[in-house]
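The primary structure of each chain is shown beneath.
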Amino acid sequence: PIVKMLNKGVTVALGTDGASSNNNLDMLEEMRSAALLHKAAGDPTTICSYQALEMATKNGAKALGLGDKIGVLKPGMVADLILIDFDKPHLYPRHDILAHLVYAAQSSDIDTVIIDGKIVVQSGKPLTIDVQETCEEIQKVADRIVGSSGSR
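Residue indices begin from 1 for each chain and proceed along its sequence in written order. For a predicted model such as this one, the threshold for reporting local features is a pLDDT of at least 70, and the threshold for listing and counting side-chain atom pairs is 80 or more; totals across whole chains, interfaces and linings nevertheless cover every residue. Note that water and hydrogens are dropped before the side-chain values are worked out from all heavy atoms of the structure.

> Would you explain the overall build of the protein in this entry?
Helix and strand labels come from DSSP, where a helix needs a run of H or I of at least four residues and a strand needs a run of E of at least two; each type is numbered from the N terminus. The helix and strand tally for the protein stands at 7 helices and 4 strands. Each of the three principal axes of the protein carries a C-alpha extent, and together these read 45 × 35 × 35 Å. Type-normalised accessible area, obtained with a 1.4 Å probe on protein chains alone, sets the label of each residue: buried when under 20%, exposed when over 50%, and partly exposed for intermediate values. When burial is assessed residue by residue, the protein has 24% of its 152 residues classed as buried. When contacts within the protein are restricted to residue pairs at least 6 apart in sequence, long-range pairs at least 24 apart make up 45% of them. Element-wise, carbon and sulfur atoms account for 57% of the exposed surface of the protein, whose accessible area totals about 10300 Å². Only four residue types enter the tally: Lys and Arg on the positive side, Asp and Glu on the negative side, with His and both chain ends excluded. Working definition for charges: the position is that of NZ of Lys, CZ of Arg, CG of Asp or CD of Glu. Between the centroid of the 15 positive side chains of the protein and the centroid of its 19 negative side chains there is a distance of 6 Å. The contact rule is simple, with two residues in contact once any of their heavy atoms fall within 4.5 Å. Every accessible area reported is derived by Shrake-Rupley at a probe size of 1.4 Å, with residue values counting cover from the shown protein chains alone.

Here is the structure:
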C-alpha cells in the first residue's frame, strides 16, 4: 500500500535485490513499474514520475541511513551519475523530460556512468571490465551452483 505509506510519511524506496527475484537489475524499469502498477488501481496520479525518481534516489539513500551523504545532487554529497542519450526516437516528443525518464527511457539509453567522480561507462561501453570475460565467469559460477543442465 505505497500510497497509504507515503501519505503517512513513510520513506518508500525502490531497489533491485538481485537476479533471484526477477533476473533484472534495471532501476529505470523499477521506477517505471512502481509508477505504472499503482495507476492500475484507478488513479493515474497515484505515483507521479517525480515520486518514482525520488523513491529510486533520495528515498533509497534515506532508507539506507545515508541520506546525508548520497541520494541528491548538491555540494558536499557523493554522487554517482548516469547520463542518458535522449536523442532516440522513443524519447520524442519532448514535453516532460522527467516523465520520459521514468516511462520511456531504457537502460540501453545510458551513455555514460560516473561513479565517485570516475567515468566507468562511456558511449555505452564499460571501461573498467571486460564484459565478455565477466559474462563467461558468471556463467561458470552459475553452472557450478545449479549444474550445467540448467536452461539458458
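Next comes the rest of the description.
> How should the sheet that holds strand E2 (residues 110-115) be read in this particular structure?
Two modes of strand pairing occur in sheets, parallel and antiparallel, and in both the strands are linked by backbone hydrogen bonds. Two strands qualify as a pair provided that DSSP identifies no fewer than 2 bridges between them. Strand order in the open sheet formed by 4 strands is E1-E2-E3-E4, with antiparallel pairing between adjacent strands. A single partner strand is all that each edge strand has here, and the edge strands are strand E1 (80-84) and strand E4 (125-126). One ladder, built from 2 bridges, connects strand E3 (residues 118-122) with E4; its direction is antiparallel. Following the sheet pairing, Val121 is matched in E4 by Pro126.

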